[in-house]
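The residues making up each chain are set out below.
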Amino acid sequence: MPLLQLVGVSKTYGEHDVHALKQVDLTVEDGQLVALMGASGCGKSTLLNVIAGLDDIQEGDIAFDGISLKGLSDEKITAVRGEKIGFIFQFFNLLSTLTVLENVTLPLELLGRQSHKQRMAAAREMLHLVGLEDRDQFFPAQLSGGQMQRVAIARALIHKPKLVIADEPTGNLDSDNGAMVLALLSKLNKELGQTLIMATHSAEAAAIADRVIQMKDGRIVT
Amino acid sequence: MSPAAFIDLFKRFVLRDLAHNKMRSLLTVAGIALGVSVFLAISIANSTALSRFGDTVTKVSGKANLEVAPAVGTVFDESVIRDIAPLTSIGVKYSPIIDENVILLRRDSETEMVQLVGIDMLADPDFKTYQNEEADAKAEPVGVTDDGVAGKAASDVSVFSPATCLVGANLAQRLDVRKGSEVKLYVDDRLVSLTVADVMGGGGLGGAYSGNLIIADIACAQEVLQNGGKVSRIDLICPPDASAQVETKLRASLPPDLRITSPEGRMEQAHKMTRSFEYNLLALTFIALMVGMFLIYNTMTITVLRRRPEIGTLRALGVAKTIVMRMFLLEALLLGLLGTTSGILVGRLMADGALKAVSKTFQQFYFKIPMESADPRPEQYLLAFAVGMGLTMIAAWPPLLEASSVSPAEATRRNSQESRLRRWQWPFLLIGAALLGLAYVLSLQPAISGFPVFGYLAALLSIIGCASIVPFLLAHALPVLSRYLPTLFGVEGRLAATTLNGTLSRTSVAAASLMIGIAMMVSLAIMISSFRKTVTLWIDQSFQADLWMQSKAKAMGNKSGRLQGAVIDEVRKVPGVAAAEGFVERRLDIGGQQAFLAAADFDVLAEHGNQLFLSGRSNKEVCKQLVGYRAMISEPFAVRKNLKRGDSVTVATPQGDKSFVVEDIYYDYASDLGYVIIPRDLYKKLYGDDSVTSIAIYLEPDSVPRLDEVRKAILDRFKAGRHISIASTLELRSEAIRIFDRTFAITYALHTIAVTVALLSVMNALFALTLESKREFAILRYLGARKAQLSRVVLLQAAILGTVGNIGGLGLGYVLSLLLIYVINKQSFGWSVQYSIPVDFIVESGILVLVTAIASGIPPARLAARTLAPSVVRDE
């Protein structure tokens, strides 16, 4: 059974019915690293949002890990997202008032899972994996862009999600830091076996993917 | 930039933002409106009280420009007319007048105080104008006829008939009194009937006392009051150029216990008398204004902080600093204008209620003038407008400077403001500490002309000082909270504390607003509770008599209602009575200030009383010394006149000024005007007055349980034709507490308003914080946070602010209560108040404020829960 299956998904925005997604069909297998490419405004981010249940859809169905998201209450979709999906953003989106360690433990805390001690241990392990164990008491503002994205990766993975969604993860980094982040994502995908769907403009990012999907005008073209 | 371009930019950049943040804009306008409305309502109420007094003085005095009045008491012997009559040769006209309170018995058996004005119907038309009701309706003043008779009313022979009177239109209308009706009056311990000869119109004398008066020929009035040959005043019309000459002649020829003054002088004296009360009431309205100022400061600061990146962008696009400043200035003016205008409208509507609330206090303690409807003056609206706009501008100034100082580069750094505030927390702490130190020094300074200027300044500096310390306290407390709150509230606890810590500038303003509101509430509650406890203790300890006897007129509120001295001997004869002590009090003009001269039977008081003295000496010890020209004075009098034990106080008597040595100073809370109490036997000799205003009755120990029986026996003894009232100490105590609570009712209303405005401020800050935290909330939604969790974060923020506000408010409230009790109250009224903290009230209010603060977080919490994650990220 595929981890994710979209059938005939369409999404329109606003009063003027802007068609962001048009009859999208997509199947992603467990453990795949998928790169989603296309010009700005082609619907990559919208597709990621509907996969995560953050945006509702007008047509079609989305099945994630055997559960149909269609018709699920916000509460249930939030629970699925919290448990099974991790996010990595272009602008890192760390909480500026929390330390690195606190940012990383946040998903576990929101889930109310594990004891404080276990959460700390898990966060330290993740920080070790991304090479930032010595920065655990720093605040985001005290880190470089590459370091912030590595913290974001640690946060996205700490609760061992089945799916990691990355929206332009290297879009806000220089080439060295971008390469380092991509190497890390590839390594973690291989080592932890988590599925990764990554929206990107970068050919380097696409190069590490098992599969590249091209989008245009809200449709998957290849 | 052209004016048109500026207006376009203002519309797009400022007005759209105001419209977008409707709730916060409305809260801010409401905060200013509330402050301005309370200020206007109270100032209208205060000025109405005084203008009613002034209006009445003018109408009763008419064209008189000088008046002769007693320095002690309310009446004097009319024989002095002999000294005045020769002055007619230089063009002086004179008219004796009686102007006394009497108690009217209404048909519904209720009583009310009205004024009895006795005039010389033949001489008086030169002084005043008169209208009867019919003439009034036709707008034709009846005025004075050539034959010297006052209009139709006076020309009606019945007005000169025995036991007849005219009544004011208002009184007639309210009580359905007409020509031929009978009015019944309690005078001292008698009930007197008068027949109504006519109803006066509202113009001229008939409009004095708001038309609630009874006018009679002077002989009839003297008969009613049973003070034949006595008058309250003699009004004089002097040719303007002869005024000084007349005054000099009168001073030389009149008895020494008479004062020569002018109607204006009487108004000035009334103003002096009520000044402390008025100023203190007005000062309380500044509470509401100050919290309103904080709201403006809060809103503008948060707007500027939130829009820093946009301001930076405008600056980068070439918009000058001055344009940025002008835009925000216009925004502040707009908010101020809306708030002030609506505040003025609401204030006018509130003024009648405020007048009702303060008029009883004015009437109880200062002068009896009816005050039914508020009488606003145009300049009061202008003043309220100036105060509203002025304070708005003062409050908006720091954020305006902040807005104009944003540089394009700085604006892109999200946390530059926060880091700056963090750097400033130490200087702020030091400034706060310095201000508190200065407040302490100021609190030690004496009053200026009886007004505690330095006390109020010290209170203001304490408020600013404590508010300056808030950022420091929060910067240190919030990290601690973020460590411990997760234990109780999970991750939401940490997020609430860290987010507040991350937005310290906004958090500090909101917490300080609430702290000030709560501090006002706490300090006023402590002051009122302390005062109440002090008064109760004072009554319990000082009022040792078992029964208190007075005339019906006095019991119904006429302070000059008397009993004959012989009544004391009658009372002593009643079985069960151990002793009876006579007490008499009269108004005293001392150095142009009003006070009371009283006389007591100190020999009885020494044996049975328990007066408490500042010196700590026993009642017996002091009272034994009170013989001859020795007096005890009340604490407020001592404070006002700066007198101490051993000093002397000079009082006017018919036999010339007499000096009394101050034997001791006693605690007294009956009047802030002050008392001088001298031995009654000496008083009788000096003033030829044997009457008393009250009699303290001490029962035999075995008769105390039969108090009601003894009371009945005394009442039975005076049944025939005498209207007296006997109250037990318990009843007296309840009455005193009832008056006390009524006096402070408006204070309670004011501090409720202060806390309401403070809570608006918290809601305002939470809205801003929630809007500011939209991005963080969106991230949390991405990470799997449920809507309820986001709501909980906001509610916890509200709870933290509520708690910090409560704790800070308690601290500042304590400081303010010390200033109120030991400096402001002491210097204004001269009362020593025993400090007492109403723990129950403070705990209950604290919980209520906390719950309300959390409730004020509900709308922002809903906003947080509605955060749409993708839309926020799309905004990025």
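All values derive from a computational prediction rather than experimental measurement.

### Re the overall build of chain B
Secondary structure assignment for chain B yields 30 helices and 20 strands. Taking all 876 residues of chain B together, the buried fraction comes to 53%. For chain B, contacts bridging at least 24 residues in sequence account for 83% of all contacts bridging at least 6.

### A few points about the overall build of chain A
Check the secondary structure of chain A and you find 7 helices and 10 strands. In summary, chain A has a C-alpha radius of gyration of 17 Å against a globular reference of 17 Å for 222 residues, a match within 12%. Counting only C-alpha atoms and orienting by the principal axes, one finds that chain A spans roughly 45 × 40 × 35 Å. Of the contacts made within chain A by residues no fewer than 6 positions apart, 72% connect residues no fewer than 24 positions apart.

### Details of the environment of B:Ile464
Along the chain, B:Ile464 turns up in helix α15 (residues 453-489). Expressed as a C-alpha distance, the spacing of B:Ile464 and B:Ala512, which sit 48 residues apart in the sequence, is 9.4 Å.

### Quick notes on the interface of chain B and chain A
Contacts between the two partners involve 20 residues from chain B, matched on the other side by 23 residues from chain A. Looking at the side of chain B that touches chain A, the elements that each hand over two or more residues are α16 (491-502), α26 (774-782), α27 (787-829) and α30 (869-875) of chain B. In terms of residue count, the dominant contributor to the side of chain B that touches chain A is α16(B) (6 residues). Residues of the side of chain B that touches chain A, tallied by class, amount to 7 nonpolar, 8 polar and 5 charged.

### Observations concerning the environment of A:Gly171
All names here are of chain A. Relative to the elements of secondary structure, Gly171 occurs in the loop between β7 (163-167) and α6 (175-192). The class of Gly171 is partly exposed, set by 17 C-beta atoms lying within 10 Å. Note: C-alpha distance between Gly171 and Gln23 (148 residues apart in sequence) is 28 Å.

### Let's talk about the sheet that holds strand β16 (residues 648-651) of chain B
Residues and elements named next belong to chain B. Sheet architecture is open: 9 strands sit in the order β16-β17-β15-β18-β14-β13-β19-β12-β20, paired in mixed fashion. Strand pairing shows two members of the sheet lacking a second neighbour, β16 and β20 (724-728), which therefore form its edges. Going across the sheet, the axis of each strand differs from the next one's by a mean of 30°, ignoring polarity. Here strand β15 (residues 630-634) pairs with strand β17 (residues 658-666) via 5 bridges, running parallel. When the bridges of β17 are listed, Ala631 appears paired with Val662. The sheet strands contacting helix α24 (residues 707-717) are β12 (547-551), β13 (577-590), β19 (694-699) and β20, and the helix crosses β20 at an angle near 170°.

### With respect to the packing of helix α17 (residues 504-542) of chain B against α27(B)
Geometrically, a packed helix pair is captured by the angle between its two axes and the distance between the axes. Residues and elements named next belong to chain B. Where α17 contacts α27, the two axes come as close as 6 Å, and the packing angle between them is 45°. The orientation of α17 with respect to α27, classified from their angle, is oblique. Crossing hand, α17 versus α27: right-handed. Grouping the constituent residues of the contact of α17 with α27 by class yields 16 nonpolar, 10 polar and no charged.

### Quick word on helix α28 (residues 839-856) of chain B
The end-to-end C-alpha distance of α28(B), which contains 18 residues, comes to 25 Å, matching closely the 26 Å that a straight helix rising 1.5 Å per residue would cover. Among the residues making up α28(B), those that are buried are B:Ile842, B:Ser845, B:Gly846, B:Val849, B:Ala853, B:Ile854 and B:Ser856.

### Focus: the sheet that holds strand β4 (residues 59-64) of chain A
Residues and elements named next belong to chain A. The strand order across the open sheet built from 4 strands is β2-β1-β4-β5, with neighbouring strands paired in antiparallel fashion. Two strands bound the open sheet, and with one partner strand each, they are β2 (18-28) and β5 (67-68). Bridge count between strand β1 (residues 4-13) and β4: 5 bridges; the pairing is antiparallel. Residue pairing in the sheet places Val7 in a bridge with Asp61 of β4. Along the sheet face, helix α1 (residues 44-51) touches β1, β2 and β4 and points at about 60° away from the line of β2.

### Thoughts on the pairing of strand β3 (residues 93-105) of chain B
All names here are of chain B. Relative to strand β10 (residues 233-237), β3 runs antiparallel, the two being bridged by 5 bridges. Paired with Ile97 across the two strands is Arg233, which belongs to β10. Where β3 meets strand β4 (residues 111-119), 9 bridges bridge the pair, whose relative direction is antiparallel. Bridge pairing in β4 links Ile98 to Gly118. Here β3 folds back onto β4, and the loop between the two strands holds 5 residues, one of which, Ser109, carries a positive phi near 70°. Direction of pairing for β3 relative to strand β6 (residues 182-187): antiparallel, over a ladder of 3 bridges. The partner of Leu104 across the bridge, within β6, is Leu185.

### What to know about the nonpolar core
For soluble globular proteins, the rule of thumb is that nonpolar side chains tend to be buried together. All names here are of chain B. In terms of nonpolar packing, the biggest core is built from 326 residues, with Cys165, Val167, Val676 and Ile697 touching the most fellow members. Broken down by element, the residue count for this core peaks at 21 residues, all from α17. Each residue touching Cys165, except ones within four places of it in the same chain, is listed here: Val183, Leu194, Val196, Ala197, Ile214, Ile215, Ala216 and Cys220.

### Quick look at the domain arrangement of chain B
Residues and elements named next belong to chain B. For chain B, the domain assignment lists domain 1 (1-60 + 270-413), domain 2 (66-261) and domain 3 (543-728). The C-alpha centroid of domain 3 is placed 31 Å from the C-alpha centroid of domain 2. With 20 residues of domain 2 at the interface, the matching set in domain 3 holds 25 residues. Contributions of two or more residues to the side of domain 2 that touches domain 3 are made by β3, β4, β6 and β7 (190-199).

### Re α6(A)
Residues and elements named next belong to chain A. Taking 1.5 Å per residue, 18 residues should reach 26 Å; α6 reaches 25 Å between its end C-alpha atoms and fits that length. Every buried residue of α6 is listed here: Gly178, Val181, Leu182, Leu185, Leu188 and Asn189. Seen along its axis, α6 keeps its buried residues to an arc of 130°; they face one direction. Among the exposed residues of α6, those pointing more than 90 degrees away from its buried face are Asp176, Ala183, Lys190 and Glu191. Next to the buried residues of α6 lie β3 (33-37), α4 (116-129), α5 (145-157), β7, β8 (195-199) and α7 (203-207). Gly193 occupies a position one or two residues after α6 and carries a positive phi of about 70°.

### Considering unusual backbone geometry
Despite not being glycine, A:Gln23 has its phi angle at roughly 45°, a positive value. As for its position among the elements, A:Gln23 is in strand β2.

### Remarks on the packing of α17(B) against α28(B)
All names here are of chain B. In contact at an axis separation of 11 Å, α17 and α28 are set at 160° when each is read in the N-to-C sense. By the angle between their directions, the pair α17 and α28 is classed as roughly antiparallel. In this structure, the crossing between α17 and α28 has a hand that is right-handed. Taking contact as the criterion, the partners of Leu514, Ile518, Met521, Val522, Ala525 and Ser529 in α17 are, on α28, Phe841, Ile842, Ser845, Val849 and Ala853. Residue classes in the contact of α17 with α28 are distributed as 9 nonpolar, 2 polar and no charged.

Each value, and the rule that gives it
Residues numbered from 1 in each chain as written. Chains lettered and ligands numbered in written order. Predicted model: local features only at pLDDT ≥ 70, side-chain atom pairs only at ≥ 80, totals over all residues. Helix = DSSP H or I, 4+ residues; strand = E, 2+ residues; numbered from the N terminus. Buried ≥ 20, exposed ≤ 12 C-beta atoms within 10 Å, placed from the backbone. Contact = placed C-beta atoms within 7 Å. Rg over C-alpha atoms; globule rule 2.2 N^0.38 Å. Nonpolar A, V, L, I, M, F, W, Y, C, P; charged D, E, K, R; others polar. Pairing = 2+ DSSP bridges. Axes fitted to C-alpha atoms, helices over the stretch in contact; angles between N-to-C directions. Parallel < 35°, antiparallel > 145°, perpendicular 65-115°, else oblique. Left-handed = near helix turned anticlockwise from the far one by under 90°. Expected span 1.5 Å × (residues − 1). Core = buried A, V, L, I, M, F, W, Y, C linked by C-beta atoms within 7 Å. Domains from an automatic or database assignment. Arc of directions from axis to C-beta.

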